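As a plain string of letters, each chain reads:
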Amino acid sequence: MFVLVNLKAYPCDPVEVATAAHEVSESSDADVAIAPQAAAIETVAETGVETWAQHVSPNEHGSHTGSTLAEATAEAGATGTLLNHSENRLKLADIDGSLDAAERVDFDTVVCANNAEQVAAAAALGPDAVAVEPPELIGTGTPVSQADPDIVRDAVDAAAAVDESVDVYCGAGISTGEDVVAAEELGADGVLLASGVAKADDPQAALEDLVDPL
Ligand SMILES: O=C(CO)COP(=O)(O)O
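Residues numbered from 1 in each chain as written. Predicted model: local features only at pLDDT ≥ 70, side-chain atom pairs only at ≥ 80, totals over all residues.

## Considerations on the site of the ligand
- Close to the ligand lie 14 residues; N6, G139, L193, A194 and S195 are nearest.
- Elements with a minimum of two residues in the shell around the ligand: β8 (190-193) and α9 (195-198).
- Split by residue class, the shell around the ligand holds 6 nonpolar, 7 polar and 1 charged. (Near = placed C-beta within 6 Å. Helix = DSSP H or I, 4+ residues; strand = E, 2+ residues; numbered from the N terminus. Nonpolar A, V, L, I, M, F, W, Y, C, P; charged D, E, K, R; others polar.)

## Looking at the pairing of strand β1 (residues 2-6)
- Of all 5 residues that make up β1, 4 are buried, and the element is covered over most of its length.
- Judged from the 5 bridges that link them, β1 and strand β2 (residues 31-35) form a sheet pairing that is parallel. Paired with N6 across the strands is A35, a residue of β2.
- In this region the chain leaves β1, passes through helix α1 (residues 14-26) and returns to the parallel neighbour β2; the handedness of that crossover is right-handed.
- When β1 meets β8, the two strands line up parallel, connected through 4 bridges. What sits directly across from F2, in β8, is G190. (Buried ≥ 20, exposed ≤ 12 C-beta atoms within 10 Å, placed from the backbone. Pairing = 2+ DSSP bridges. Right-handed = clockwise from strand over helix to strand, strands pointing away.)

## Focus: the nonpolar core
- Core analysis: the largest hydrophobic core is formed by 73 residues, its most contacted members being V5, I34, V119, V130 and A155.
- Considering every element that reaches this core, the biggest residue donor is helix α7 (residues 149-162), with 6 residues. (Core = buried A, V, L, I, M, F, W, Y, C linked by C-beta atoms within 7 Å.)

## Details of the UniProt feature "binding site: substrate" (unreviewed entry) in the chain
- Residues annotated in UniProt with the feature "binding site: substrate" (unreviewed entry) correspond here to N6, L7, K8, I138, G173, A194 and S195. Over a stretch of 190 residues, the named residues converge on one spot in the fold, their C-alpha atoms separated by at most 14.3 Å.
- By the secondary structure assignment, K8 is in the loop between β1 and α1.
- Accessibility expressed as a C-beta count within 10 Å gives 19 for K8, which makes it partly exposed.
- Non-local contacts of K8, meaning those with residues more than four positions away in its chain, are made with A194 and A198.
- Since 25 C-beta atoms lie within 10 Å of it, A194 is described here as buried. (UniProt positions renumbered as here; feature names shortened; annotations may be inferred. Contact = placed C-beta atoms within 7 Å.)

## Re the sheet that holds β2
- Spatially, the 8 strands close up into a barrel ordered β1-β2-β3-β4-β5-β6-β7-β8, and their pairing is parallel. Within the sheet, the average angular offset between the axes of one strand and its neighbour, ignoring direction, is 25°.
- The pairing of strand β4 (residues 80-83) with strand β5 (residues 108-113) spans 4 bridges and is parallel. Residue pairing in the sheet places L82 in a bridge with V110 of β5. (Axes fitted to C-alpha atoms, helices over the stretch in contact; angles between N-to-C directions.)

## A short note on the domain arrangement of the chain
- Here the chain is described as being made up of domain 1 (1-81) and domain 2 (114-188).
- Inter-centroid distance (C-alpha atoms) of domain 1 to domain 2 is 21 Å. (Domains from an automatic or database assignment.)

Written out as C-alpha cells, the structure is:
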C-alpha cells in the first residue's frame, strides 16, 4: 500500500514527520511519502523520504509571480504532486495543464476527487492515480471506509472503467492501521491522509500504527 501523508498547512515539524516516515517506510511493507509545504520540500527530501508537492502550477519558467513550478519542486527534491485537492480545487483545464507540467519533470501524479463521477473525469486526464476524498469527512477521524464504503468501491469501479492503469487511493478520516486495511479490502491501492499524523502528539507512533497490520 502507498501511504501519502499530506501535511497541508498544519503547524507540525515537517522534518520530524519526514524522518519518522522514512524509517517506517524502510522497515515495513508500506511505501510512505510526505507532501509538505512547498518551502519545506528540500529539507523533507533530504531525510530520504519520498517527497511530494501539494500542488504544481501549469506554468513554465517565466513571468508568473506566485506560481509553484513543477521544475522548482523537482529541483528541491520532490518526485510527485497532488493536484485538485478538495482544499485547492482547480478548473479542468488547469488540472490538465498541471498534469502536463508534472510530466515535464517526470512526477508521479494523484488527482483528487470528491466522488465516483469526478474520479472518472480525473482518470480520463491520465494521472498515475486518483484519490477519492469526501470533503465532509476530511479531518473528522471517521474513515470513509466506515462512513460510506460504497464511495471507495464506486471510485475503484469508475477509474477501472476509464483506464485500468490508473491507481485509486482513498482518504478522509484515516488514522489507524485498521482504516488502511479496510481501504485495501475495498480495492484501494493506497491512502491519503493528513491530521492523523500531522496533528498527532507522536507522529512516529501514528505512522507505525498505520502500517502495522500491512
Ligand atoms: O485531506 C486529506 C488528505 O489530503 C485527508 O485529511 P484527514 O486525514 O485529516 O481527514
